[in-house]
Amino acid sequence: MSSTALSQISMPFLMGNSLNAWSEALVGFNILGLPLGLVILAAIPLVFIALYSLTYGVYGERKISAFMQDRLGPMEVGKWGILQTIADILKLLQKEDIVPSSADKFLFVIGPGILFVGSFLAYAVLPFSSAFIGASLNVGLFYAIGIVALEVVGILAAGWGSNNKWSLYGAVRSVAQIVSYEIPAAIALLCGAMMAGTLDMQQISVLQSGSWGFAHFFLFKTPIAWLPFLIYFIASLAEVNRAPFDIPEAESELVAGYFTEYTGMKFAVIFLAEYGSMFMVSAIISVVFLGGWNSPLPNLGAIALNDWTNGPVWGAFWIISKGFFFIFVQMWLRWTLPRLRVDQLMYLCWKVLTPFAFVSFVLTAIWEVYVP
Amino acid sequence: MSEYFGNIKTGAVTIATGMGITLKHFFNAIHRKGDAGVDDVDYFRQVDGLCTLQYPHEVIPTPKNGRYRLYNNIEDCIGCGQCDRACPIGCITIETIKVAPDDLALCGKTSDGQQKKFWLPVFDIDVAKCMTCGICTTVCPTECLAHTPVSDFSEFDRSNFIYHFGNLSRLEAEAKRRKNAELQAKAQAEKEKKAADALKESKGGE
Amino acid sequence: MQELDTAGLGSVRVTRKNDNVVVIEKDLATEQMVLAMGPQHPSTHGVLKLECLTDGEVITEAVPYLGYLHRCFEKCCENVDYPAIVPYTDRLDYLSGMNSEFSYALAVEKLLDIEIPRRVEFIRVIVAELNRIASHLVAIGTYGIDLGAFTPFLFCFRDREIILGLLEWASGARMLYNYIWIGGLAYDVPSDFLKRVREFVTYFRPKAVELCNLLTENEIFVKRTRGIGLMPAGVAINYGWSGPMLRGSGVKWDLRRNDPYSVYPELDFNVPVPDGKLSDVGDCLSRHLVRAWEMDESLKIIEQCIDKMPSAEGFNPRSAIPKRIRPKAGEVYARAENPRGELGFYIQSDGKSTKPLRCKARSSCFVNLSAMKDLSKGQLIPDLVAIIGSIDIVLGEVDR
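Keep in mind that what you see is a predicted model, and the values were worked out from it rather than measured.

S.K.: Explain the overall build of chain A to me, using residue names and the numbers behind them.
M.R.: In terms of regular secondary structure, chain A is built from 15 helices and four strands. Relative to the compact-globule value of 21 Å for 372 residues, chain A shows a C-alpha radius of gyration of 21 Å, a close match. Restricting the contact set of chain A to residue pairs at least 6 apart, pairs at least 24 apart contribute 78%.

Have a look at this one:
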């Protein structure tokens, strides 16, 4: 399998279709010695996060939750309430940016920043398309797992800096939760890495392309891959503090957890970080188990669905839709389930997910070695 | 060990059931329940679906006997003041002026033919205080005081909540009072005159 | 028990499981912290303040502070006529106004010793049971919210809305009815009302099952509530608990059965108590289950009432209402089964006035809440939230 097989039929785009062609072209794009291309390269995911959290993240979640609860959701601002998020952003912009007098000002201010940077940095290794990746690292997956842990620092800074007991509870819970859940998450991802034989996100995606579409995805390649897939999905919910593992925010217990004291744009940045990491884990799970930017449609004889729906632009479409699907599942879970308690969360992590992750790791290893 | 796996199984099954229910509702969101009131015959035959009513544009109809805003039909009010006395919180203020005998026709009758004997310069209901218990309406002898099914009557100014039902303007009330006072003074003078005459007579008779 | 004694006062988390006391984290005592939970906390169901002494997330002591919603109910009663107290009773437990009115009406009727028309009794039972379902729907829905499940709450409120509509149709008001008067009713029910109530019963049964599937059977919900906030039957009785709280502890005590009033003796219904299979007797889940089962029983009662109800011909709901209520000197205590337990009214009359000399409400929520100190000892903060939710307090009744 090579990059040439990827995109013969798709429409030719400005900078060619070969692997990483767009991003490499951008890296080389300099004006007056200024690395403008690099800035654009970094700005693309940023704009994506902003746009997606505005539309699908906030508006979509409100609508989805409303429909699940027999409600209408936002309806007033614009047709079907489409402009509701804009109104929200305007409101948040106008709000006074309060720093509590007894807060640790430095930590309080820097907390949301670290939080957002933590989730945003992982976008560097997400292959948005066969021709576009921020940084094609050969340790991409490892980097993604590692950099997410940076969020912990932001949460702790926010929670401690607020000088609020509820915030501190939320922060401590969150740190314990994220650090614990990294283990099953990382082991589950290792299963995927083992199947691929590489940590390079782009290569993992390339390895899952083929004319049979979804049949080449790692999820369907071995009969045990669903186990690490499921484990990673559950663990990723905990890593991004989504229900039923939203105990760091736990509105009914801790008021709002580590961001109780935040107002205005700082609050918005925390939310942006949350939506950023939601897509990030969804994209990682899509790349490792569901083929990333590969089309799931198979070639059926003369109807070459797979060939028609592959290519750099299609790739972007596929990975974003796969990511959105997982975000939908996250929302769906959130609006269905009650919240776990802290010790039950830890029980689930250490006594259920971690052992099963090890089992799936061993089984995958056996499969990879003994089954050709 | 079997408990361990049993727990995982029940967890998975019940979570799947719950998710099935929410997904069913999600796909059911293409339907919308209507805005029929409970008194509508077809109330329970409405489709299951989104049940939000967007308030100012759509409202749940209030039934005809809804007890919301107080309204006093001053034409029928005889100024007996029973509502004022019955109100547990005292949100009704009444002031009455006795109708002069020559004004009785002007003051008129209630719709059931009872002669009104009081002018009502002040009949104020503070609907912000009113707790819509309906006790005043049950004691009202002429049934002129009633709760209407108007449920939304919010105001921006607190003073707008005091509804004035009085049937006399301040000047008119002043005139009536003066008239009453004059009449009274006249009556008083007559009385005194009579008394004086009687005194004179009795003196003259001596 | 030995463990418990040696553990001392430090950080102790006690879990009772079938009389075996399990102590967790006994050697992890850290500095104690005072945590003020409320009165602006999202899950204290109003304006309750709990001052918790915490050790990490373990609560060593939680003291409820009351009175944020105190409205001098009892003093107000001494200054208004007997019939004018009825709207005030609505405002005690504002989620079940009909039931509060019912028990106040019972008290004054006992004092006056008057006979109530039979149809009035049936209508009273129907509206009270409808209100009980509405109240339990709120209890169950908000309990879901306390534990992080939002959707059941909305489903509960969707169905409660219908009940409120029905009661509005009958009484003219949605929550604060002033419908059950001393000696009668404000109005007869509208002509189609009973038919619509019957339709509601058929509509609501599948919804209750759906609610059960979505929330009560959910494994996470069970894990969060089972074995939490255990209250043995003996202690519950000593605290004076009543209603679903007491029944949750396995005591089969329901005033509709044990101290029958109105037409309840003629009606066939069960008093559900947990049997220990689905839940540990006396825990939060038991109380929740009792409420869920009671909704079903209420539906049964409503159906029977509609069947047995005398016709409306020649019926005047106000026929037995005394013109002027001036009871002879004496005192009376009457109680009724409210959704939250026993609501009793103690009324004292001096025989001269049309106002009671003293009117005391025995509030179920207040009594149930008084066990907070025992219940919260050694629990985690999330469990404390679960416990408060399971007590199902209405601060309007606690503070009065």
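Don't stop here, the text continues.
S.K.: Lay out the overall build of chain B in plain terms, naming residues and giving numbers.
M.R.: Counting its regular elements, chain B contains five helices and five strands. The linear arrangement of helices and strands in chain B, starting from the amino end, is α-β-α-β-α-β-α-β-β-α. The globule rule puts the C-alpha radius of gyration for 206 residues at 17 Å, and the 32 Å found for chain B is more than 25% above it. Evaluated residue by residue, chain B yields a buried proportion of 21% over its 206 residues.

S.K.: Which residues make up the interface of chain C and chain B, and what values do they have?
M.R.: In this assembly, 29 residues from chain C lie in contact with 25 residues from chain B. Breaking the side of chain C that touches chain B down by element, the ones donating at least two residues are α3 (82-90), α6 (151-171) and α7 (193-216) of chain C.

S.K.: Describe the pairing of strand β8 (residues 330-338) of chain C, and please don't skip the residues or the numbers.
M.R.: Residue and element names in this part refer to chain C. Of the strand pairs in this sheet, β8 and strand β9 (residues 341-349) are connected by nine bridges, and their pairing is antiparallel. Directly across from Glu331, in β9, lies its bridge partner Gln348. Linking β8 back to β9 in an antiparallel pair, the connection comprises two residues.

S.K.: A description of the interface of chain C and chain A should follow, citing residues and the corresponding values.
M.R.: Facing 26 residues of chain C, the contacting portion of chain A comprises 22 residues. Those elements that place two or more of their residues in the side of chain C that touches chain A are β3 (33-37), α5 (118-146), α6, α8 (219-225) and α15 (381-391) of chain C. Of the residues belonging to the side of chain C that touches chain A, the class tally is 14 nonpolar, six polar and six charged.

S.K.: Give a description of helix α12 (residues 264-289) of chain A that names residues and reports values.
M.R.: All names here are of chain A. Counted at 1.5 Å a residue, the expected span for α12 with its 26 residues is 38 Å, and the 38 Å between its end C-alpha atoms agrees. Summarising burial for α12: 22 of the 26 residues are buried, a large majority. Following α12 by one or two positions, Gly291 adopts a phi angle in the positive range, close to 75°.

S.K.: How would you summarise the sheet that holds strand β4 (residues 49-55) of chain C if you had to cite specific residues and measurements?
M.R.: Residues and elements named next belong to chain C. Ordered by their spatial adjacency, four strands build an open sheet running β3-β4-β5-β11, and the pairing between neighbours is antiparallel. Unpaired on one side and paired on the other, β3 and β11 (379-380) mark the two borders of the sheet. Across seven bridges, the pairing between β4 and strand β5 (residues 58-65) is antiparallel. Bridged to Asp55 within β5 is Val58.

S.K.: Account for the packing of α5 of chain C against helix α12 (residues 284-308) of chain C, naming residues and giving values.
M.R.: All names here are of chain C. Put simply, α5 and α12 touch, their axes get as near as 9 Å, and they point 160° apart. Relative to α12, the element α5 lies roughly antiparallel. Considering the relative orientation of α5 and α12, their crossing is left-handed. Contacts between α5 and α12 involve Phe122, Val125, Ile126, Glu129, Leu130, Arg132, Ile133, His136, Ala139, Ile140 and Tyr143 from the first element and His288, Arg291, Ala292, Glu294, Met295, Ser298, Ile301, Ile302, Cys305 and Lys308 from the second. Its residues placed into classes, the contact of α5 with α12 shows 13 nonpolar, three polar and five charged.

S.K.: Before we move on, can you summarise the domain arrangement of chain B with the specific residues and values?
M.R.: The extent of an interface is frequently quoted as the accessible surface area lost upon association of the parts. What the domain assignment lists for chain B is domain 1 (2-45) and domain 2 (69-173). Between domain 1 of chain B and domain 2 of chain B, the C-alpha centre-to-centre distance is 51 Å.

S.K.: Residue-level account of the confidence of the model for chain A, with values.
M.R.: Residue and element names in this part refer to chain A. When pLDDT is averaged along chain A, the result is 81, and 93% of the positions lie at 70 or above. Across chain A, the element-wise mean pLDDT spans from 70 in helix α1 (residues 21-27) up to 88 in helix α10 (residues 226-239). Low pLDDT, under 50, characterises residues 1-14; the predicted model gives this stretch 30 contacts beyond four residues in sequence or across chains.

S.K.: Please give an account of the environment of Ile270 of chain A that cites residues and values.
M.R.: Residues and elements named next belong to chain A. When you line up the elements, Ile270 lands in helix α12. Residues Ile270 and Trp80 lie 190 residues apart in sequence; the distance between their C-alpha atoms is 26 Å. Among all residues touching Ile270, those that are not within four sequence positions of it are Pro112, Leu115, Phe259 and Tyr262.

S.K.: Break down the environment of Trp22 of chain A for me, citing the residues and quoting the values.
M.R.: Of note, Trp22 of chain A is situated in helix α1. Considered as a pair, Trp22 of chain A and Ile319 of chain A are 297 residues apart in the sequence and their alpha carbons are 16 Å apart.

S.K.: Hey, could you go over the pairing of strand β10 (residues 358-362) of chain C for me, with residue numbers and the actual values?
M.R.: Residue and element names in this part refer to chain C. Taking every second residue as pointing to the same face, the buried face of β10 carries Cys359 and Ala361, while none of Arg358, Lys360 and Arg362 on the other face is buried. Note that β9 and β10 share five bridges and pair antiparallel. Counterpart to Tyr346 in the pairing with β10 is Lys360.

S.K.: Give a detailed account of the sheet that holds β10 of chain C, specifying residues and quantitative values.
M.R.: Residues and elements named next belong to chain C. Here three strands make up an open sheet; going across it, the order is β8-β9-β10 and the pairing antiparallel. The open sheet is flanked by β8 and β10, the only strands paired with a single partner. The average angle at which neighbouring strand axes cross in this sheet is 15°, direction not considered. Relative to the sheet, helix α4 (residues 97-112) contacts β8 and β9, its axis offset from that of β8 by approximately 150°.

The rules behind the values
Residues numbered from 1 in each chain as written. Chains lettered and ligands numbered in written order. Predicted model: local features only at pLDDT ≥ 70, side-chain atom pairs only at ≥ 80, totals over all residues. Helix = DSSP H or I, 4+ residues; strand = E, 2+ residues; numbered from the N terminus. Rg over C-alpha atoms; globule rule 2.2 N^0.38 Å. Contact = placed C-beta atoms within 7 Å. Buried ≥ 20, exposed ≤ 12 C-beta atoms within 10 Å, placed from the backbone. Pairing = 2+ DSSP bridges. Nonpolar A, V, L, I, M, F, W, Y, C, P; charged D, E, K, R; others polar. Expected span 1.5 Å × (residues − 1). Axes fitted to C-alpha atoms, helices over the stretch in contact; angles between N-to-C directions. Parallel < 35°, antiparallel > 145°, perpendicular 65-115°, else oblique. Left-handed = near helix turned anticlockwise from the far one by under 90°. Domains from an automatic or database assignment. pLDDT = per-residue confidence, 0-100.

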